[in-house]
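# Understanding the architecture of this molecule
Below, each chain spelled out in residue letters.
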Amino acid sequence: MSMLLLILGMGLATFAPRYVPLLVFRDRELPADVKTFLGYLPAALLAAIAVPSVLAPVDNRVEITVVTIPYLVAGLVTLVTGLFVERFMIVWTVGLAVFFGLRWWLGAM
Amino acid sequence: MSDRTPTSAPERPATPRGEFVAGARSMVPFLLSAFPLGVIGGTLGLASGLSYLETFGLAMVVNSGTAQFIGFKLIAEGAAWPVIVLTTLILSLRMLIYSTLLAPHVRELPQRWRLLLGFGLIDAVFFVAFDRMKGGEPARRKSMFYFGASAVMYVNWAVATVVGMVAGHLLPERWRAGLDFPMTAVFLVVLAGALAGWKIWSAAVSAGALAMLFLGLPYNLGLIVAALGGACVGMACERIERRWFPPKPQEPPPAEEPARDDDPAVAPAVDGDGR
């Protein structure tokens, strides 16, 4: 039940920004500053999610162990590969291969 | 109507059905790149502890790939529901840009049509269909093109999600452990695609640093603080650039031209494959 409400809440959160301007704004455009701010939000949010997942994957602590090394290395490899290769699946697969390869090699699997 | 539109070919369809089909066909390149992402979404939904119905329901209700992935991750981490909803909202706020650009061209349409237009608004549909929506044709007719594009993307995502759930079901239990990295990798790939230019780099690096700084905040609130802070840094960089390195006169100012690739406000890379 609570999951249903959560899904509906998320649905509303993604739907409102798409629909409300069609409903009310009509002729007005967003101010340039607002547009700029909104333009930077997704990348900032993705970085805010991904960076701690890579740097502090276990219990939100920064540490170097056989468990965290695969996150650090594979995270960096994924990001750097993504800067040069455009195909999503190639970059993602490379990142996963490094991650699971390192885990297996370090014996943390 | 510009010549870049896929449907400006001589045999341009005139019937509503023809418009719908043309819109659907214009999405073919996006369908191919979105499908694997949808499959991954279906698999990771199950790995995040959601049921089949919840995974599929979430995918179909939010109709936004990145929002769906972020939802899975935060649900798996046990984040508080207001934080999950707020994070989804922050991610979706860029849709305000598309929606305000679209609004003047659809205002004569009935309310129900606009509801559907809004729901079907995703990056890929906007980029392909907006040229068409700006044109002088009757709003109902050009909307059919838009509906065709968004419907085919939606069905494609639904099929991909189901395929992903079946694949996830077949995955051995041992492999599902450590499945938080595949999700993180999705975010990293999408982020890497958006990192073009020093301004967006500054925004992303600041957001990452702020997220580390506020890691201790309860309910994953640090995530929201960091995202807003990072976007503020991006905006500050934009100001600095305008002040110290004004654009050359022959270049149009970034805010005026909606379809430029290097404008972060509408960069298609942010949602990976047009989702």
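Residues numbered from 1 in each chain as written. Chains lettered and ligands numbered in written order. Predicted model: local features only at pLDDT ≥ 70, side-chain atom pairs only at ≥ 80, totals over all residues.

- UniProt, in the comment section headed Subcellular location (unreviewed entry), describes chain B in these words: "Cell membrane".
- The UniProt entry for chain B carries this comment under Sequence similarities (unreviewed entry): "Belongs to the AzlC family." (UniProt positions renumbered as here; feature names shortened; annotations may be inferred.)

- With an unreviewed UniProt entry as reference, chain A is termed AzlD domain-containing protein, source organism Micromonospora harpali.

## Some remarks on helix α6 (residues 95-102) of chain B
- Of all the eight residues making up α6 of chain B, seven are buried; the element is thus mostly covered by neighbouring parts of the structure.
- Those residues of α6 of chain B lying buried are Met95, Ile97, Tyr98, Ser99, Thr100, Leu101 and Leu102 of chain B. (Buried ≥ 20, exposed ≤ 12 C-beta atoms within 10 Å, placed from the backbone. Helix = DSSP H or I, 4+ residues; strand = E, 2+ residues; numbered from the N terminus.)

## Side note on the interface of chain B and chain A
- Counting from both sides, the interface comprises 80 residues of chain B and, opposite them, 61 residues of chain A.
- For the side of chain B that touches chain A, the leading source of residues is helix α11 (residues 180-194) of chain B, giving 14 residues. (Contact = placed C-beta atoms within 7 Å.)

## Considerations on the UniProt feature "transmembrane region" (unreviewed entry) in chain A
Residues and elements named next belong to chain A.
- The feature "transmembrane region" (unreviewed entry), as annotated in UniProt, sits at residues 38-57, 64-83 and 89-106 in this numbering.
- For residues 38-57, helix accounts for 90% and strand for 0%, while the C-alpha atoms at its two ends are 28 Å apart.
- Between the first and last C-alpha atoms of residues 64-83 the distance is 25 Å; the span itself is 75% helix and 0% strand.

## Considerations on the domain arrangement of chain B
Residues and elements named next belong to chain B.
- Considered domain by domain, chain B is made up of domain 1 (16-176) and domain 2 (180-271).
- If you look at the interface, domain 1 gives 20 residues, while domain 2 gives 16 residues.
- Elements represented by at least two residues in the side of domain 1 that touches domain 2 include exactly α2 (28-47), α4 (65-76), α5 (81-92), α6 and α8 (123-134).
- It is α4 that contributes the most residues to the side of domain 1 that touches domain 2, seven residues altogether.
- In terms of residue class, the side of domain 1 that touches domain 2 is made up of 14 nonpolar, three polar and three charged. (Domains from an automatic or database assignment. Nonpolar A, V, L, I, M, F, W, Y, C, P; charged D, E, K, R; others polar.)

## Topic: the packing of helix α12 (residues 198-213) of chain B against helix α13 (residues 221-244) of chain B
All names here are of chain B.
- Direction vectors running N to C along α12 and α13 enclose 150°, while the axes themselves pass 7 Å from each other. On the basis of the axis angle, α12 is roughly antiparallel to α13. Crossing of α12 over α13 shows right-handed handedness.
- Looking at the contact of α12 with α13 residue by residue, the classes come out as 13 nonpolar, six polar and three charged. (Axes fitted to C-alpha atoms, helices over the stretch in contact; angles between N-to-C directions. Parallel < 35°, antiparallel > 145°, perpendicular 65-115°, else oblique. Left-handed = near helix turned anticlockwise from the far one by under 90°.)

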